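# Structural characterization, general
Okay, here's what each chain looks like letter by letter:
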Amino acid sequence: MATILILVGTESGNAQMVADALQPVLAGAGHAVDVTDKAATAADLQAHDVLLAVCATHGSGDIPTNILPLVEALHRDKPDLSGHRYGVIALGDMTYQDTFCGGGKKVDQALELCGAKRVGDRLEIDASEQPLPDEEALSWIEGWKTQV
Ligand SMILES: Cc1cc2nc3c(=O)[nH]c(=O)nc-3n(C[C@H](O)[C@H](O)[C@H](O)COP(=O)(O)O)c2cc1C
């Protein structure tokens, strides 16, 4: 059993909806799961074994403002997360082309910078093709949850 912190980066609620759908699935697999859309601190991250970032993209490939302080702190302070595993679900829209899923990609890079090890491939959900991001995430989590 792992202690999992789901980090939500959202402006308009889709990423929160995905996180809320995944929480009971991971809990049902025996993990202790917290979900936060607040600016988590390095101490919050250290208190969990596994991190799952569920992050939208806004502006032009930008990180949602609610999770920006965490990502800035990871770059600035580089807390040692080498004992941590993580996954990333990036929400975006292919009509933005060059900046597709930029927010989730940036969170992925920041966690890797701190030494955390990603489990599985990043899931990138395209809102122009997939109006129900929670359904795609629920399918992806079936494989991910067996690896953490
Ligand atoms: C103003 C605005 C800018 C956006 N910019 C991007 C972008 O640069 N790249 C991208 O892949 N998606 C972009 N998106 C799409 C969102 O990431 C996508 O709709 C996502 O599902 C929103 O999630 P949220 O409701 O959790 O904020 C943008 C959406 C809006 C409304």
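By convention here, each chain's residues receive numbers from 1 onward along its written sequence. Restriction of local features to residues with pLDDT of at least 70 applies here, the model being predicted, together with a cutoff of 80 or more for giving and counting side-chain atom pairs; totals for whole chains, interfaces and linings are based on all residues.

## Some thoughts on the site of the ligand
- Taken together, 22 residues lie around the ligand, and Thr10, Ser12, Asn14, Ala56 and Gly92 are the ones closest in.
- Helix and strand definitions here come from DSSP, where helices need a minimum of 4 consecutive H or I residues and strands a minimum of 2 consecutive E residues; each element is numbered from the N-terminal end. Of all the elements in the fold, those that place two or more residues in the shell around the ligand are helix 1 (14-28) and strand 4 (85-92).
- Note on residue classes: Ala, Val, Leu, Ile, Met, Phe, Trp, Tyr, Cys and Pro are nonpolar, Asp, Glu, Lys and Arg are charged, and everything else, Gly too, is polar. Of the residues belonging to the shell around the ligand, the class tally is eight nonpolar, twelve polar and two charged. Whether a residue is near a molecule or strand depends on its C-beta atom, generated from backbone atoms, being within 6 Å of that molecule or strand.

## Describing the nonpolar core
- The term nonpolar core refers to a group of buried residues, namely Ala, Val, Leu, Ile, Met, Phe, Trp, Tyr and Cys, whose C-beta atoms join them within 7 Å. Counting other C-beta atoms within 10 Å of its own, a residue is labelled buried from 20 upward, exposed at 12 or fewer, and partly exposed in the gap between, with every C-beta atom placed from the backbone. Within the largest apolar cluster, 41 residues are counted, with the highest numbers of intra-cluster contacts made by Ile6, Leu7, Leu51, Ala53, Val54, Cys55 and Val107.
- Elements with a contribution of two residues or more to this core: strand 1 (3-9), helix 1, strand 3 (50-55), helix 3 (68-77), strand 4, helix 4 (102-113), strand 6 (123-126) and helix 5 (133-144).
- By the convention adopted here, residues are in contact when the distance between their C-beta atoms, placed from the backbone, does not exceed 7 Å. The residues touching Val54, leaving out its near neighbours within four places in the chain, are Ile6, Val8, Ala15, Val18, Ala19 and Ile89.

## Overview of the UniProt feature "domain: Flavodoxin-like" (unreviewed entry) in the protein
- As recorded in UniProt, the feature "domain: Flavodoxin-like" (unreviewed entry) lies at residues 4-145.
- Annotated as 38% helix and 22% strand, the span residues 4-145 places its first and last C-alpha atoms 11 Å apart. UniProt positions are given in the numbering used here, feature names are shortened, and annotations may be inferred rather than shown by experiment.

## Some remarks on the packing of helix 3 against helix 4
- Axis definition: a line fit to C-alpha positions, over the contact stretch in the case of helices; interaxial angles, taken between N-to-C directions, run 0 to 180 degrees. Following both chains from N to C, one finds helix 3 and helix 4 inclined at 35 degrees, their axes separated by 9 Å at the closest point. Where helix 3 crosses over helix 4, the two elements pack in a sense that is left-handed. Each of Val71, Leu74 and His75 in helix 3 lies in contact with helix 4, whose residues at this interface are Lys106, Val107, Ala110, Leu111 and Leu113.
- When grouped by side-chain class, the residues that make up the contact of helix 3 with helix 4 number six nonpolar, one polar and one charged. For any pair of crossing helices, the crossing counts as left-handed if the nearer helix is rotated counterclockwise from the farther one by less than a right angle, and right-handed if it is rotated clockwise.

## Points about unusual backbone geometry
- Positive phi is not limited to glycine here, since Lys78 has a value of about 40 degrees.
- Here Lys78 shows up in the loop between helix 3 and strand 4.
- Note on Lys78: 13 C-beta atoms within 10 Å, which makes it partly exposed.

## Examining the pairing of strand 1
- Of all seven residues in strand 1, six are buried; the element is thus mostly enclosed.
- With five bridges joining them, strand 1 and strand 2 (residues 32-36) adopt parallel strand pairing. Looking at the pairing, Leu7 lines up with Thr36 of strand 2.
- On the question of chirality, the crossover connecting strand 1 to the parallel strand 2 by way of helix 1 is right-handed.
- Across six bridges, the pairing between strand 1 and strand 3 is parallel. Among the inter-strand pairings, Val8 is bridged to a residue of strand 3, identified as Val54. Only strands joined by at least two bridges in the DSSP assignment are considered to pair. Whether a crossover is right-handed depends on one test, that the path from the first strand over the helix to the second runs clockwise when the strands point away from the viewer.

## Some thoughts on the environment of Trp144
- Within the fold, Trp144 resides in helix 5.
- Remark: the alpha-carbon pair of Trp144 and Tyr86, spanning 58 residues in sequence, is separated by 9.9 Å.
- In contact with Trp144, other than residues within four places in its own chain, are Gly87, Val119 and Gly120.

## Section: the packing of helix 1 against helix 5
- In contact at an axis separation of 9 Å, helix 1 and helix 5 are set at 35 degrees when each is read in the N-to-C sense. The handedness of the crossing between helix 1 and helix 5 comes out as right-handed. Touching Asn14, Met17, Val18, Ala21, Leu22 and Val25 of helix 1 are Pro133, Asp134, Ala137, Leu138 and Ile141, all from helix 5.
- Looking at side-chain class alone, the contact of helix 1 with helix 5 contains nine nonpolar, one polar and one charged residues.

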